[in-house]
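Observations on chain architecture
Listed here are the chains, written in short residue letters.
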Amino acid sequence: ASYKLLLLPGDGIGTEVMGEVSRLIDWVNDSGAATIETETDLVGGCAYDDHGEAISDATMKTALEADAVMLGAVGGPKWDGVAYDKRPEAGLLRLRKDLELFANLRPAICYPALADASSLKRELVDGLDIMIVRELTGGVYFGEPKEIIDLGGGQKRAVDTQVYETYEIERIARVAFDLARKRGNLVHSAEKRNVMKTGVLWNEVVTQVHKADFADVKLEHILADNCAMQLVRAPKQFDVIVTDNLFGDVLSDEAAMATGSLGMLPSASLGATDDKGMRRAMYEPVHGSAPDIAGKGAANPIATIASFAMCLRYSFDMGETADRIERPIADVLDQGLRTGDIRQAGCKTVGTREMGDAILKALA
Ligand code: NAI
Ligand code: MG
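Here is what the cut-offs are and how they apply
Every chain is numbered on its own, with residues counted from 1 as its sequence reads. Written order decides the labels, with chains lettered from A and ligands numbered from 1. Side-chain atom pairs in this predicted model are given and counted only at pLDDT of 80 or more, local residue features only at pLDDT of at least 70, and totals for whole chains, interfaces and linings cover all residues. UniProt positions are given in the numbering used here, feature names are shortened, and annotations may be inferred rather than shown by experiment. A set of buried Ala, Val, Leu, Ile, Met, Phe, Trp, Tyr and Cys residues, joined through C-beta atoms within 7 Å, is what we mean by a nonpolar core. Neighbour density around each residue's C-beta defines its exposure: 20 or more other C-beta atoms within 10 Å make it buried, 12 or fewer make it exposed, and counts between make it partly exposed, where C-beta atoms are placed from the backbone. Numbered from the N terminus, helices here are DSSP runs of H or I no shorter than four residues, and strands are runs of E no shorter than two. Throughout, a residue-residue contact means that the two C-beta atoms, derived from backbone geometry, are no farther apart than 7 Å. Strand pairing is defined by DSSP finding a minimum of two bridges between the two strands. For every element, the axis is a line fit to its C-alpha atoms; helices are fit only across the contacting stretch, and the angle between N-to-C directions ranges from 0 to 180 degrees. These descriptions rest on fixed angle ranges, namely under 35 degrees for roughly parallel, over 145 for roughly antiparallel, 65 to 115 for roughly perpendicular, and the rest for oblique. Throughout, a crossing is termed right-handed when the near helix is turned clockwise from the far one, and left-handed when it is turned anticlockwise from it by less than a right angle. Only Asp, Glu, Lys and Arg are considered charged in this grouping, and only Ala, Val, Leu, Ile, Met, Phe, Trp, Tyr, Cys and Pro are considered nonpolar; every other residue, Gly among them, is considered polar. Note that the domain bounds were set by an automatic or database domain assignment.

The name given to the protein chain in an unreviewed UniProt entry is 3-isopropylmalate dehydrogenase, with the source organism recorded as Methyloceanibacter superfactus. Word for word, the UniProt comment on the protein chain under Subunit (unreviewed entry) is "Homodimer." Heading Catalytic activity (unreviewed entry) of the UniProt record for the protein chain holds this comment: "(2R,3S)-3-isopropylmalate + NAD(+) = 4-methyl-2-oxopentanoate + CO2 + NADH".

The following block contains the structure:
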């Protein structure tokens, strides 16, 4: 098979960590498992410097034609003064919007070697592997009306509106059930049906989708506040958690802290299916451009490498090759290699390139 992958390294450490992914792409191509054709383009501050927009129409067109997009990170203090609609993040927002990326996948994986860096006790997180599926384009962040009304007399009223329609819940539920089949076959659907109408509909639609097409997957409904509590009490009880935009924002950050480090967290955003029947998708590390360490060759490339593995698994149907990349990540950590962000007594601190070298060497 042959795939088109658009690489958007972006700013700061984005270019450094993406460099390690490029070497993995060469390895995949050499292995003969598939042909990945790449194109590299600008997004974020570097695009603004080049042509005055955080992403150009031409780049957007390439993104729409690609089978998947990989993004490094955007932003940095250099562009603090740039107008709102031209700032680096605007490039990201346009990609999310134009690719219709409605499902945000945030795995929280705790590698045994890093379990002591978790904010939770080692026995709670050692070997943790959960996937939070957050609805990304609906809900209270976008619902109308959204306003602040001056009531006079020093009083104001702020209004946000949570809106969900059946089709939005249906498509995100399908993504979650599909994923569960490739993982632990368990989905927790988190909402607040006890106090929210959107929670009632969420519960109803997820139940229907499950009954109609995914009865082989185990489904549990959980109130979102209880889910937050269970995530710190006994996170290993979860496999896939599917939830709305707001709860997903909070729960995914909470789950992230169980894993130890920002430099370790990958993500995927999935969208509508294109005319070739392929789901649009963008893969990126959760971290930003880390201006404090940019240009020093010190960034941890693991989040981006793990994002590439997700791309192989979910966009290119190359789960086996993804396994062959993910296993070495655990191996090099077991060997005691650490980048600065996960520095640990008794371990060897290495830079971006050395970490990439070690993972390449450990590839099966
Ligand atoms: P950040 O994630 O860039 O950095 C937070 C801290 O974590 C820093 O101390 C940084 O050195 C460290 N860190 C992050 N990733 C690392 C890695 N791979 N290896 C080693 N250390 C790492 O978040 P911050 O500082 O809030 O934002 C910096 C810039 O990045 C801002 O301009 C912000 O807007 C942008 N940003 C971009 C994102 C994206 O492109 N998706 C997401 C978050 C922030
Ligand atoms: Mg957040």
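1. Here's the deal with the nonpolar core
In this structure, Val69, Met70, Val133, Ala176, Ile241 and Ile305 are the most contacted members of the largest nonpolar core, which totals 110 residues. Examining the composition of this core, we find that 10 residues originate from one element, helix H10 (residues 302-314), more than from any other. Excluding residues that lie within four positions of it along the chain, Ile241 makes contacts with Ile130, Ile132, Val133, His188, Ala190, Cys227 and Leu251.

2. Considerations on the sheet that holds strand S5 (residues 129-135)
An order of S2-S1-S3-S12-S11-S4-S5-S10-S8-S9 is seen for the 10 strands of this open sheet, with the pairing classed as mixed. Only two strands of the sheet have a single neighbouring strand rather than two, namely strand S2 (35-40) and strand S9 (218-223). Each strand axis lies, on average, 20° off the axis of its neighbour in the sheet, ignoring direction. Bridge count between strand S8 (residues 186-191) and strand S10 (residues 240-243): 4 bridges; the pairing is parallel.

3. Here's the deal with the environment of Val187
Within the secondary structure layout, Val187 lies in strand S8. Put simply, Val187 and Ile241 are 54 residues apart on the chain and 5.7 Å apart in space, counted from C-alpha to C-alpha. Setting aside residues no more than four positions away along its own chain, Val187 makes contact with Ala176, Phe177, Ala180, Val217, Leu219, Val240 and Val242.

4. With respect to the UniProt feature "site: Important for catalysis" (unreviewed entry) in the protein chain
Mapped onto this numbering, the UniProt entry gives "site: Important for catalysis" (unreviewed entry) at Tyr141 and Lys192. In this fold, Tyr141 is placed in the loop between S5 and strand S6 (147-152). Residue classification places Tyr141 among the partly exposed residues on the basis of 14 C-beta atoms within 10 Å. In this structure Tyr141 touches Asn245 and Leu246, once residues within four positions along its chain are discounted. With 18 C-beta atoms counted inside 10 Å, the residue Lys192 sits in the partly exposed group. Setting aside anything within four residues of it in sequence, one finds Lys192 in contact with Gly199, Leu223 and Ala224.

5. Section: the packing of helix H1 (residues 13-31) against H10
Two elements in contact, H1 and H10, have axes whose closest approach is 8 Å; the angle formed by their N-to-C orientations is 40°. Here H1 is positioned oblique relative to H10, judged by the angle of their axes. The interaxial crossing formed by H1 with H10 has right-handed handedness. On the side of H1, the interface is formed by Val17, Met18, Glu20, Val21 and Leu24, while H10 contributes Thr304, Ile305 and Phe308. Here the residues of the contact of H1 with H10 sort into 6 nonpolar, 1 polar and 1 charged.

6. What to know about the pairing of strand S11 (residues 266-273)
Most of S11 is tucked away: 6 of the 8 residues are buried. Where strand S4 (residues 103-109) and S11 come together, 3 bridges link them in antiparallel fashion. From the neighbouring strand, Asn104 faces S11, where its bridge partner is Ser269. Taken together, the 6 bridges between S11 and strand S12 (residues 279-285) define a ladder with antiparallel strand orientation. When the bridges of S12 are listed, Ser269 appears paired with Met282. Here S11 folds back onto S12 in antiparallel fashion, the turn holding 5 residues, of which Gly277 has a positive phi close to 80°.

7. Observations concerning unusual backbone geometry
In this structure, the amide linkage connecting Glu144 to the following residue, Pro145, adopts the cis form with an omega of 0°. Here Pro145 is to be found in the loop between S5 and S6. A positive phi angle is found at Asn185, which is not glycine, with a value near 65°. Positive phi, close to 40°, is recorded for Ala290, a residue that is not glycine. Mapped onto the elements of the fold, Ala290 is located in the loop between S12 and H10. A residue is classified by how many C-beta atoms lie within 10 Å of it, and Ala290, with 23 of them, is buried.

8. Quick look at the domain arrangement of the protein chain
The domain boundaries assigned to the protein chain delineate domain 1 (1-104 + 261-364) and domain 2 (129-257). The centre of domain 1, based on its C-alpha atoms, is set 26 Å off from the matching centre of domain 2. Mapped by element, the contributors of at least two residues to the side of domain 1 that touches domain 2 are S4 and S11. When the residues that make up the side of domain 1 that touches domain 2 are grouped by side-chain class, the tally is 6 nonpolar, 2 polar and no charged.

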